[in-house]
Amino acid sequence: MRSIGEMARDSGLGVSALRFYDRAGVLVPDRVDPVSGYRWYAPGQLEEARLLARLRRAGMPLADIRLVLAGWTGTDTDLVRQLLQAHLRRLEQGLSDARAEFSALRVLLDHRENPMTSLRTDTAVRLSLSGPGLAAALDAVRFAAGTDPELPMLGGIHFDVEGDALRLVATDRYRMAVARAAADGHDGSRVQVTVPLPLADAMRALLDGEDRVRLTVDGDRVTLETGDRQTAGQCLGHDFPDYRRLVRLPAGRRAVVDVPAFREAVRTGPVRAGEAPGQDGTPCDLSVLEVAEDGSVALAGDGADGRDLVAVNRAFLLDALTAGSGDRLVLEFGAPTAPLAVRRPDDEHTFSLLMPVRLED
């Protein structure tokens, strides 16, 4: 017999995924200890678990997986073969449709002007900022920066200078963080550059107490000076997406949370199995949130159901709560498919957005 931990190790499904498939009746343990609740799996269930993992990696719907598992050990494999073939046809048709759409999009890109080219400047921009203010802004967005080598334009922190403000933005597609720092010394047109993460981290390391610091953007080079120390480097040579389009969200339900208590509830509370976005189906833990009628937020248990539940990557939510840097934060809920906003109650310019994850059917 294998414990759930041993089964997770040997099958590649993950403990939270095994719990989910048990609740869904897809892969039920051979025995559950009536006292401790520990799940135990029979030796023959390992092959079934590995088959389940393969089907999920291939993106097969859960309803079809049930039938494949039910027919896998039978003498008549026609149903299993038909289900596999039908899913393969769906994948091939989906890929064909995606190729056609992407080809059309590339044509459109080839015929449109790049709107970001006018947002670089040949004249050096020199700003004076609060050192602690810039440090806080960097801390508020750093967690959301991308690390995907195939999307190098997201591998940094975007600096957007306009009027008396410097806005910092980071996103990895699945979460976004925005912060604002007051700035003096620039009254010209808007200027944008994206600072690579190593340079942004070097900047943060310099911000250890200086009251005022100087930031210079000169073409594609950026320099931060604090007292008699400085760090400088090249900006990324890629255009950052128009983040302002991405943060225009309709008003939703708002709930104020006590951060220490809510963080502990998220850390130790119930989770559901999900797949980490952009990581080839790697299992992850999801926190499922629901807003009660009195405006409080709770972690939904295993049996909770309803269209108003919002599921997010638990690790991402914990990162956003930490980056919020306060004892109280506002969670803003829209539709279940809309991003979850995490805002500071006293600063409308600093917030993060987390994309929801679709719950398993």
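Residues numbered from 1 in each chain as written. Predicted model: local features only at pLDDT ≥ 70, side-chain atom pairs only at ≥ 80, totals over all residues. Heavy atoms only, no water.

Caption draft 1: Looking closely at the sheet that holds strand E3 (residues 39–41). The 3 strands lie next to each other as E1-E3-E2, forming an open sheet whose pairing is antiparallel. The two strands at the open ends of the sheet, each matched to only one other strand, are strand E1 (2–3) and strand E2 (31–32). Of the strand pairs in this sheet, E1 and E3 are connected by 2 bridges, and their pairing is antiparallel. Looking at E3, one finds that Arg 2 is bridged to Tyr 41. (Pairing = 2+ DSSP bridges. Helix = DSSP H or I, 4+ residues; strand = E, 2+ residues; numbered from the N terminus.)

Caption draft 2: Spotlight on the UniProt feature "domain: HTH merR-type" (unreviewed entry) in the protein. When the UniProt feature table is mapped to this numbering, "domain: HTH merR-type" (unreviewed entry) covers residues 1–71. Between the end C-alpha atoms of residues 1–71 the distance is 24 Å, and the span holds 56% helix and 10% strand. (UniProt positions renumbered as here; feature names shortened; annotations may be inferred.)

Caption draft 3: Layout of the nonpolar core. Ile 157, Phe 159, Leu 166, Leu 168, Leu 215, Phe 262 and Leu 317 are the most contacted members of the largest nonpolar core, which has 58 residues in total. Every residue in contact with Phe 262, bar those within four places of it in the chain, is listed here: Val 257, Leu 289, Val 297, Leu 299, Leu 317, Leu 321 and Leu 331. Judged by nonpolar contacts, the second largest core, of 25 residues, contains Met 7, Leu 18, Tyr 21 and Ala 53. (Core = buried A, V, L, I, M, F, W, Y, C linked by side-chain atoms within 4.5 Å. Buried < 20%, exposed > 50% of the residue type's maximum accessible area, 1.4 Å probe, protein only. Contact = heavy atoms within 4.5 Å.)

Caption draft 4: Structural detail: the pattern of salt bridges. In this structure the tally under the stated criterion is 20 salt bridges. As a salt-bridge pair, Arg 190 and Asp 160 come within 2.7 Å of each other at their nearest N and O atoms. Taken together, the residues Arg 190 in the loop between strand E7 (175–184) and strand E8 (191–196) and Asp 160 in strand E5 (residues 156–162) connect sequence positions 30 residues apart. When sorted by exposure, Arg 190 lands in the same class as Asp 160, which is buried. Arg 229 is the salt-bridge partner of Asp 208, the closest N and O atoms lying 2.9 Å from each other. Of this pair, Asp 208 sits in the loop between helix H7 (197–206) and strand E9 (212–218) while Arg 229 sits in strand E11 (residues 229–234), and the two are 21 residues apart along the sequence. Three or more residues are tied together by salt bridges with common partners; here these are Asp 160, Glu 162, Arg 190 and Arg 244. (Salt bridge = Lys/Arg side-chain N within 4 Å of Asp/Glu carboxyl O.)

Caption draft 5: Molecular detail of empty space enclosed by the protein. All told, the structure shown has 2 cavities of 30 Å³ or more when counted by the stated rule. Volume-wise, the largest cavity comes out at about 80 Å³. Partitioning the lining of the largest cavity into residue classes produces 8 nonpolar, 3 polar and 2 charged. (1 Å grid on protein atoms, 1.4 Å probe; cavity = no way out; pocket = protein on both sides within 12 Å on 5 of 7 lines; lining within 4 Å. Points joined across faces, edges and corners; volume = space filled by probe spheres on them. Nonpolar A, V, L, I, M, F, W, Y, C, P; charged D, E, K, R; others polar.)

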